[in-house]
Amino acid sequence: AFHAGLDFSAAQGEEIKSTGAGMVTMVAKDKSYGNFLKIKHGDGLETRYAHCSKILVKKGDIIEKNQVVALVGNTGRSTGPHLHYEIRLHGRALDPRQYLKK
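A. Geometry of the overall build of the protein chain. When its secondary structure is counted, the protein chain shows zero helices and 10 strands. For the protein chain, the sequential pattern of α-helices and β-strands runs β-β-β-β-β-β-β-β-β-β. The C-alpha atoms of the protein chain give 12 Å as radius of gyration, which agrees with the globular expectation for 102 residues (13 Å, within 12%). The dimensions of the protein chain, computed from C-alpha atoms along their principal axes, are 35 × 25 × 25 Å. Within the protein chain, the proportion of its 102 residues that are buried is 38%. The long-range share in the protein chain, meaning contacts at least 24 apart out of those at least 6 apart in sequence, stands at 60%. Roughly 6200 Å² of accessible area belongs to the protein chain as shown, and the carbon and sulfur atoms make up 51% of that amount.

B. Region of the structure containing the pairing of strand S3 (residues 22–30). Bridging between S3 and strand S7 (residues 62–63) involves two bridges; their strand directions are antiparallel. Paired with methionine 23 across the strands is isoleucine 62, a residue of S7. By the bridge criterion, seven bridges tie S3 to strand S4 (residues 34–42) in an arrangement that is antiparallel. Paired with alanine 28 across the bridge in S4 is phenylalanine 36. Hairpin remark: S3 followed by S4, antiparallel, with three residues in the connecting loop.

C. Here's a closer look at the packing of aromatic side chains. A complete count under the given rule lists three aromatic pairs for this structure. Among the aromatic side chains, those forming a connected cluster through ring pairs are Phe8, Tyr49 and Tyr85.

D. Inspection of unusual backbone geometry at higher detail. Of note in this structure, histidine 51 is not a glycine but carries a positive phi near 75 degrees. Look at histidine 51 and you get buried, because its relative accessible area is 5%. The backbone of asparagine 66 sits at a positive phi, close to 70 degrees, despite the residue not being glycine. Topologically, asparagine 66 is positioned in the loop between S7 and strand S8 (68–71).

E. Up close: the sheet that holds S8. Ordered in space as S2-S8-S6, the three strands form an open sheet in which the pairing is antiparallel. Each of the sheet's edge strands pairs with one partner strand only, and the pair in question is strand S2 (15–17) and strand S6 (54–55). With three bridges joining them, S2 and S8 adopt antiparallel strand pairing. Counted as the bridge partner of glutamate 15 is leucine 71 from S8.

Cut-offs applied
Residues numbered from 1 in each chain as written. Predicted model: local features only at pLDDT ≥ 70, side-chain atom pairs only at ≥ 80, totals over all residues. Heavy atoms only, no water. Helix = DSSP H or I, 4+ residues; strand = E, 2+ residues; numbered from the N terminus. Rg over C-alpha atoms; globule rule 2.2 N^0.38 Å. Buried < 20%, exposed > 50% of the residue type's maximum accessible area, 1.4 Å probe, protein only. Contact = heavy atoms within 4.5 Å. Areas by Shrake-Rupley, 256 points an atom, 1.4 Å probe, with all protein chains shown as cover. Pairing = 2+ DSSP bridges. Phe/Tyr/Trp six-rings, centres within 6.5 Å; stacked < 30°, edge-to-face > 60°.

Pasting the structure below:
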């Protein structure tokens with residue numbers, strides 16, 4: 001199904017690292033996202049990490065770039081272990097490929 005973001009195939013339990021510094025604004029469980037978290041990076045920029053098997057941070061934590069924040073899982077609407085990654089600016093989904101190193 002269509003979703004705003006990218007899916008990265010990975011083994012169950014692999015580390016998920018934050019792509020930027022910021023503050024955790026949500027840690028939750030959702031029917032579609034499964035176990036997920038949101039990090040606000042300032043100026044309306046937010047990243048989301050979904051389908052986690054385990055979340056290693058809590059709401060209000062200050063996160064550094066490349067900090068391990070969760071572990072890859074298969075929760076929510078998922079067909080296998082992977083990371084669903086989103087970038088949003090003022091609530092609008094952006095194409096993460098524009099921001100990831102090639």
